[in-house]
Amino acid sequence: GMDEGMRGHDGGEVSGSIVIVQSVGQQEVISGGDRSSDVDQFLSIFSIRFELGILEVFRMTVTDTSAPEENIWDRILKEASRSVAERLESKSVVIVGDRNSGKSSLLAKLQGIDISEINKGVALDYSFLDISAAPGDDDPVSRINVWQLEGEPEHSDLLSYALNKDNIANCLILITLDLSQPWHLSSSLESWLSVMKKHIRSIEADLSEEEIHDLKNYVTWEYQQYVEPGTGSAIHQTKKKKSIEDNLLLPLQEDVLSDNLGVPVLIVGTKSDMLVNLEKDFGYKENHIDYIQTHLRRICLKYGAGLIFTSAKKEKNCDVLMQYMENRLYGFEFSHKLQLLEKDSIFVPAGSDSPEKISVFST
């Protein structure tokens, strides 16, 4: 129930409604020695964890029909320990972008819910994506905490709740761009990159030089480790963060990772189904669309970012986006290749592009 005076582990006050134990079965209360032998006992234990100010509740159910009563709690604790051990560390995605750039529609599609079920906030929204070990598996092995800044750079001070020194090593930045208004793409992208760069600089003030160096080296190492799917090697088989020595890195080309934030960045063009309207309503030619693509790709090279065009309305590349985020955050295998031919489904994984490829494409 509600306990207004509840104290957190750090002494801070915590408010909210928390259910600690729930019993399920034909008996309302299980206590003492009066238990029917033919009644299954379902005991639920919750591991309560406060992370980034968000309460995460993990539920684990144990069925017992024959064990002596004094052993029930031992079994529960063992099962709880095993459940925690099998889980993967939670990750975070910070979504920024102009208001009405399609952030909420895209997130609803990733969550598999209707856009009407999402209540838009006025500043910083929190939601999550549960990650399963296999499709159709109802038991999540991890959770992606999703933080969405609601379209106004003036609210950027709130980013400290979403991205900070405690989770920066397990975070991904996602910037949405409205492809139906290409005349704003460049200024919007540069503006949000500037906001994120400024915020990360403030985090670095609380990090050691070695920690900052490790974060940037890891982004570079991942970028250089990219292998095209189907060429004999899977991409990022492990996502265990580790220190990458300088001698393991290759020299970088000019303008590649020249603005390494120490955090993976993904640029998402939304409403890609509207690109056809640009040709019809504004006289855009194919070469104009190609110019937009190559311009965004050059900016992505500077930050070591991935680029993907999506349409939540037409369900284009939404599954690719979800799988790619899982790959970048957890190291899950990924099978989608660089795709430049279909204009509304562009996909450029980080590390797959180069200045030479862009020059060839733009000639």
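Residues numbered from 1 in each chain as written. Predicted model: local features only at pLDDT ≥ 70, side-chain atom pairs only at ≥ 80, totals over all residues. Heavy atoms only, no water.

1. Some thoughts on the overall build of the protein
Okay, step 1: Along the backbone of the protein there are nine helices and ten strands.
Okay, step 2: Every one of the 363 residues in the protein was classed for burial, and the buried ones make up 45%.
Okay, step 3: Carbon and sulfur atoms provide 49% of the accessible area of the protein, an area that totals close to 19,300 Å². (Helix = DSSP H or I, 4+ residues; strand = E, 2+ residues; numbered from the N terminus. Buried < 20%, exposed > 50% of the residue type's maximum accessible area, 1.4 Å probe, protein only. Areas by Shrake-Rupley, 256 points an atom, 1.4 Å probe, with all protein chains shown as cover.)

2. Comments concerning the nonpolar core
Okay, step 1: By size, the foremost hydrophobic cluster in this structure holds 42 residues, and its most contacted members are Leu 163, Ile 173, Ile 175 and Ile 267.
Okay, step 2: Broken down by element, this core gets its largest block of residues, eight residues, from helix α4 (residues 185-204).
Okay, step 3: If you look at the next biggest cluster of nonpolar residues, it comprises 32 residues, including Val 256, Leu 257, Leu 266 and Leu 321. (Core = buried A, V, L, I, M, F, W, Y, C linked by side-chain atoms within 4.5 Å.)

3. Remarks on the pairing of strand β9 (residues 306-309)
Okay, step 1: Judged by which residues are buried, β9 turns out to be covered on both faces: Gly 306 and Ile 308 on one side and Leu 307 and Phe 309 on the other are all buried.
Okay, step 2: Summarising the sheet, strand β8 (residues 265-270) and β9 pair through four bridges and their orientation is parallel. Residue pairing for β9: Val 268 is matched across the bridge by Ile 308.
Okay, step 3: Of the pairings in the sheet, the one linking β9 to strand β10 (residues 347-348) comprises two bridges and is antiparallel in character. Bridged to Leu 307 within β10 is Val 348. (Pairing = 2+ DSSP bridges.)

4. Concerning the side chain of Arg 297
Okay, step 1: Position of Arg 297 among the secondary structure elements: in helix α7 (residues 286-303).
Okay, step 2: Not counting chain neighbours up to four residues away, the residues in contact with Arg 297 comprise Leu 307, Leu 340, Val 348, Asp 353, Lys 357, Ile 358 and Phe 361. (Contact = heavy atoms within 4.5 Å.)

5. Thoughts on the environment of Gly 351
Okay, step 1: Locating Gly 351 in the fold gives a position in the loop between β10 and α9 (355-362).
Okay, step 2: Given a relative accessible area of 22%, Gly 351 falls into the partly exposed group.
Okay, step 3: The spatial distance from the C-alpha of Gly 351 to the C-alpha of Val 227 is 8.1 Å, given a sequence separation of 124 residues.
Okay, step 4: Those residues in contact with Gly 351, other than ones at most four positions away along the chain, are Tyr 223 and Tyr 226.

6. Here we look at the side chain of Asp 273
Okay, step 1: Within the element layout of this structure, Asp 273 appears in the loop between β8 and α6 (275-282).
Okay, step 2: Although Asp 273 lies buried, it forms no salt bridge, and the closest oppositely charged side chain, Lys 313, sits 4.7 Å away as judged by the N-O distance.
Okay, step 3: For Asp 273, the side chain forms a polar contact with the side chain of Ser 311, separated by 2.7 Å.
Okay, step 4: Other than its neighbours up to four places away in sequence, Asp 273 contacts Ser 311, Lys 313 and Lys 314. (Lys, Arg positive; Asp, Glu negative; His and termini not counted. Salt bridge = Lys/Arg side-chain N within 4 Å of Asp/Glu carboxyl O. Polar contact = N/O pair within 3.5 Å; in protein donor to acceptor, adjacent residues only side chain to side chain.)

7. A look at the confidence of the model for the protein
As a general rule, the predicted coordinates of low-pLDDT regions are not to be interpreted in detail.
Okay, step 1: Per-residue confidence for the protein averages 79 on the pLDDT scale, and 72% of its residues sit at or above 70.
Okay, step 2: Note on residues 1-67: pLDDT is under 50 here. Beyond four places in sequence and across chains, it has 111 contacts.
Okay, step 3: The model gives residues 232-238 a pLDDT under 50, and that stretch makes 18 contacts with residues more than four places away or in other chains. (pLDDT = per-residue confidence, 0-100.)

8. Here we look at the pattern of salt bridges
Close approach of charged atoms lets side chains of opposite charge pair.
Okay, step 1: Scanning all chains against the criterion turns up eleven salt bridges.
Okay, step 2: Residue Asp 178 pairs with Lys 271 through a salt bridge whose shortest N-O separation is 3.2 Å. Within this pair, whereas Asp 178 is found in strand β7 (residues 171-178), its partner Lys 271 is found in the loop between β8 and α6, the two being separated by 93 residues in sequence.
Okay, step 3: Under the relative-accessibility criterion, Asp 178 is labelled buried at 11%.
Okay, step 4: In this structure, Lys 197 and Asp 259 form a salt bridge, with 3.6 Å as the shortest nitrogen-oxygen distance. Linking Lys 197 in helix α4 with Asp 259 in the loop between α5 (209-224) and β8, this pair joins segments that are 62 residues apart in sequence.
Okay, step 5: Several salt bridges converge on common partners, so that one network encompasses Lys 197, Asp 259 and Lys 302.

9. Examining the packing of aromatic side chains
The relative placement of two aromatic rings is captured by the distance of their centres and the angle of their planes.
Okay, step 1: If you walk through the whole model with that rule in mind, you get seven aromatic pairs.
Okay, step 2: Centre to centre, the rings of Trp 183 and Phe 282 are 5.2 Å apart; their planes meet at 65°, and the pair counts as edge-to-face. In this pair, Trp 183 is assigned in the loop between β7 and α4 and Phe 282 in helix α6, connecting sequence segments 99 residues apart.
Okay, step 3: Under the relative-accessibility criterion, Trp 183 is labelled partly exposed at 44%.
Okay, step 4: One aromatic cluster in this structure is built from Tyr 324, Phe 334 and Phe 347.
Okay, step 5: Its guanidinium or amino end placed over the ring of Phe 128, Arg 143 lies 3.7 Å from that ring's centre, counting from NZ or CZ.
Okay, step 6: The side chain of Arg 297 reaches across the aromatic face of Phe 361, ending 5.4 Å from its centre. (Phe/Tyr/Trp six-rings, centres within 6.5 Å; stacked < 30°, edge-to-face > 60°. Lys NZ or Arg CZ within 6 Å of the ring centre and 35° of its normal.)

10. Points about the packing of helix α2 (residues 103-111) against helix α8 (residues 318-330)
Relative placement of two packed helices is described by the angle separating their axes and the distance separating the axes.
Okay, step 1: At their nearest, the axes of α2 and α8 sit 10 Å apart, and the two run at 75° to each other. Relative to α8, the element α2 lies roughly perpendicular. On the side of α2, the interface is formed by Leu 106, Lys 109 and Leu 110, while α8 contributes Cys 318, Leu 321, Met 322 and Met 325.
Okay, step 2: A per-class count over the contact of α2 with α8 returns six nonpolar, no polar and one charged. (Axes fitted to C-alpha atoms, helices over the stretch in contact; angles between N-to-C directions. Parallel < 35°, antiparallel > 145°, perpendicular 65-115°, else oblique. Nonpolar A, V, L, I, M, F, W, Y, C, P; charged D, E, K, R; others polar.)

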